[in-house]
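This is what each chain is made of:
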Amino acid sequence: MTSSNVDFFLLAGAALFCLGFYALAAHAHLLRKILALNVSGSGVFLILIATAHGPEGAAPDPVPHALVLTGIVVAVSATALALVLSGRVHEATGKAELPAGPSDS
Amino acid sequence: MLPLVCALGAFMVPRAGRWLTLVAAAGLSLITWDMARVALSHGAQRYPLAGWGAPLGIELYADGAAVLMLALTVTVMGSVSLYAGEYFSSKHRHQNGSAHEGRAVFFWPLWLFLWCGLNALFLSADIFNLYVTLELVGLAAVTLAALEGGPGALLAATRYLLVSLLASFCFLLGVAVLYAGAATLDIELLRQSMTPGPLAWAGVSFMVTGLLIKTAVFPVHFWLPPAHAQASTPVSAVLSALVVKASFYLLFRLWFDLFSAVAKPPSAEFLASLGAAAVIWGSIQALRQERLKLLVAYSTVAQVGYLLLAIPLVHATNDSSGWAGCFYWALSHGCAKAAMFLAAGNLLWAAGHDRIAELGGAAKQLGLSMFAFLLAAVSLAGLPPSGGFIAKWLLLSASLASGQWEKAVVLVLGGLLTAAYSVRVLRQAFVPATASEQPPRPVPRLLEWIAVSLSLLALLLGFYANPIVRLLQVGAPRAGQAFTGGL
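Everything numeric in this text was worked out from a predicted model, so none of it was measured.

## A look at the overall build of chain A
The number of helices and strands found in chain A is 3 helices and 0 strands. Of the regular secondary structure in chain A, the N- to C-terminal order runs α-α-α. When burial is assessed residue by residue, chain A has 35% of its 105 residues classed as buried. Counting only contacts in chain A whose residues sit at least 6 apart along the sequence, the fraction spanning at least 24 positions is 60%.

Below is the structure:
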């Protein structure tokens, strides 16, 4: 990997993170929110992977790879839980959306 | 480890969940007691797991604050476990509906997973492990909050989950940035190799943002009140008393162990002003609530504010009174808030609703629960002789000694507001019951006594301050030590 490549990955990761953040705030539908979070997460993982890059010609640092693997496992289980919850919300309220304001009922 | 084993056991043998939890509680109290003894006599301890030390292996780190948070966890989780055992017991099934029994099956394993996550979090010594434990605690907490099952609880839990995931990703992003700068994850090694600069700044601000969201600090507190108020009683108690503290503990620990090398005083002041806003806003919201559990939840938002308020105080004082006061507040708030939620849950159990305006007659019928509520309120408002008083005293003297009188004003004002919304509830409870109401449901004695004993504990913390403060000073940062790099 050349260093301009690394910059590209870092920028792409940051862009994905921001994109996911925006989508999380902008969309009402729960499925879209969950997807948005996953996009954000991928951005973070991309940045982590890009940090593995060492000096020219050296082997990449293995630690960030291990971190990303752990992160993916966590993200997958969290997504599963989020999907189950949104399914339950759909059953209970008839639509898979969060109300605009905090509901106190 | 013990709660993890018991959690797996409880998952496989649902009927034994209650007893396995009690076994875990007993074992953990012994372990915590031993760790406190070791920390007092030998100072802060590092335990390399499986014989592999840093930088490659995973290490656990236990100083006074960590041990005390473990002790708080074992106390609150232990007593609330007893409460939950009775609460979910099949004896009351015909009153709670059949769905209740099904929930209890999932309750115990999740409960133990949460416990295990909390313990690991308090002891972790590297920032990636902190991320994993934070996630573990978050997922277990969300699932427990959703277990109540009603539409309100599900919506609140979903919101909690989304917010909590976003916060975790923020934290992880910060970890990635710091790792890119220093190529290590261990807190101690990171501190040595961190240099002030845009990279460290970015990493630190991502991590702090993530933790602030998780701690529900004003203005990102919006997810907390519905999630805490809608959960079932034992879950609300633990969410408010412990889970919020966990992310705060991380913030505090990382701030002084790590971030103080790069953060400048204005950023500490910024956090403190967020805390002050939280104290005022949370208390005013609590005053305005119509439902008892929401009132208690907003009071948590307010009381988390005190903890942030303490950050510049720790920097400014030469003795560790700011540090000790902050953790003392965390301890007494943990006990008192758990007691308050349990008392509120008892009222809910008896009346079937928690509308404050219709609490009439509660003092007569649920005298013990109201007594617990009163004692908890005394500690939360910081009146002597409670644990809350000692904490406020330490914080007040720290703020006056360092000339930050505006923080003292917020501390006192917050106490007055706490007293105001507590009195509002208590006054309603002493109004005679209206005749038209349906007969209240009897509350098991055990549920009432647990609330009372937790609130008594919060009060007793006021009498045994000395050994606890001594334990807190093991590994507490000194003012000279913090801020050497940033200034």
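## A look at helix H16 (residues 367-381) of chain B
Helical geometry: 3.6 residues make up each α-helical turn, so side chains three or four residues apart lie on a common side. All names here are of chain B. Its 15 residues give H16 an end-to-end C-alpha distance of 21 Å, which sits within 8% of 21 Å, the value for a rise of 1.5 Å per residue. By the criterion of burial, H16 is predominantly enclosed, with 12 of the 15 residues buried. Summarising the contacts, the buried residues of H16 are in contact with helix H13 (292-316), helix H14 (321-351), helix H15 (362-365), helix H17 (387-401), helix H18 (405-430) and helix H19 (445-460). In the stretch just after H16, glycine 382 is the one whose phi turns positive, near 80°.

## Notes on the environment of alanine 176 of chain B
For alanine 176 of chain B, the location among the structural elements is in helix H7 (residues 151-182). Note on alanine 176 of chain B: relative accessible area 0%, which makes it buried. Measuring from C-alpha to C-alpha, the distance between alanine 176 of chain B and serine 455 of chain B comes to 42 Å, with 279 residues separating the pair along the chain. Look past the residues within four positions of alanine 176 of chain B in its chain and what remains in contact with it is Ile47, Leu48 and Thr51 of chain A.

## Concerning the packing of helix H3 (residues 64-87) of chain B against helix H20 (residues 465-472) of chain B
Residues and elements named next belong to chain B. Interhelical geometry of H3 versus H20 gives an angle of 130° and a closest axis separation of 7 Å. Classified by the angle their axes make, H3 and H20 are oblique. The residues of H20 that touch H3, namely those facing Gly64, Ala65, Val67 and Leu68, are Ile468, Leu471 and Leu472. Classifying every residue of the contact of H3 with H20 gives 6 nonpolar, 1 polar and no charged.

## Points about the interface of chain B and chain A
Between chain B and chain A, the residue contacts involve 31 residues of the former and 38 residues of the latter. Taking both partners together, chain B and chain A bury about 3,200 Å²; carbon and sulfur atoms supply 82% of that area. Where chain B touches chain A, the interface holds 0 salt bridges. Taken together, the connections running from chain B to chain A amount to 0 residue pairs in polar contact (both at pLDDT 80 or more). Of all the secondary structure elements, the ones that give two or more residues to the side of chain B that touches chain A are helix H6 (127-146), H7 and helix H10 (224-230) of chain B. It is H7 of chain B that provides the largest number of residues to the side of chain B that touches chain A, a total of 17 residues. For the side of chain B that touches chain A, the per-class residue count stands at 25 nonpolar, 4 polar and 2 charged.

## Some remarks on the nonpolar core
All names here are of chain B. Counting 205 residues, the largest nonpolar core has Leu114, Ile127 and Leu254 as the members making the most contacts within it. When residues of this core are assigned to domains, at least three map to each of domain 1 (1-263) and domain 2 (287-487). When neighbours within four sequence positions are excluded, isoleucine 127 is seen to be in contact with Phe171, Val175, Leu178, Leu185, Ile187, Leu190, Met207, Leu254 and Leu258.

Quick notes on the rules
- Here the residue numbering is sequential within each chain, running from 1 through the sequence in written order.
- Labels are handed out in written order, letters beginning with A for the chains and numbers beginning with 1 for the ligands.
- Residues qualify for local features only when their pLDDT is at least 70, as the model is predicted, and side-chain atom pairs are given and counted only at 80 or more; totals for whole chains, interfaces and linings, by contrast, use all residues.
- Side-chain calculation: all heavy atoms of the structure are included, whereas hydrogens and water are not.
- A helix here means a DSSP run of H or I that spans at least four residues, while a strand means a run of E at least two residues long, and both kinds are numbered starting from the N terminus.
- Only protein chains enter the calculation, and the probe is 1.4 Å; a residue is then buried if its accessible area is under 20% of its type maximum, exposed if over 50%, and partly exposed in between.
- Whether two residues are in contact is decided by their heavy atoms: any pair within 4.5 Å suffices.
- In this scheme, a helix's expected span is set at 1.5 Å multiplied by one less than its residue total.
- Fitting a line to C-alpha atoms yields each axis, with helices limited to the stretch in contact; the angle taken between N-to-C directions then spans 0 to 180 degrees.
- Under this scheme an angle from 65 to 115 degrees is roughly perpendicular, one under 35 degrees roughly parallel, and one over 145 degrees roughly antiparallel; angles in between are oblique.
- Each residue receives one of three labels: charged for Asp, Glu, Lys and Arg, nonpolar for Ala, Val, Leu, Ile, Met, Phe, Trp, Tyr, Cys and Pro, and polar for the others, Gly being one of them.
- Here's the idea: put two parts together, see how much 1.4 Å probe accessible area each one loses, and the total over both is what we call buried area.
- Salt bridges are defined as contacts in which a side-chain nitrogen from Lys or Arg sits within 4 Å of a carboxyl oxygen from Asp or Glu.
- Pairs of N or O atoms within 3.5 Å make up the polar contacts considered here, provided that, within protein, one atom can donate a hydrogen while the other can accept it, and that residues adjacent in sequence are counted only when both atoms are side-chain atoms.
- The set of buried Ala, Val, Leu, Ile, Met, Phe, Trp, Tyr and Cys residues whose side-chain atoms join them within 4.5 Å is what this entry labels a nonpolar core.
- Note that the domain bounds were set by an automatic or database domain assignment.

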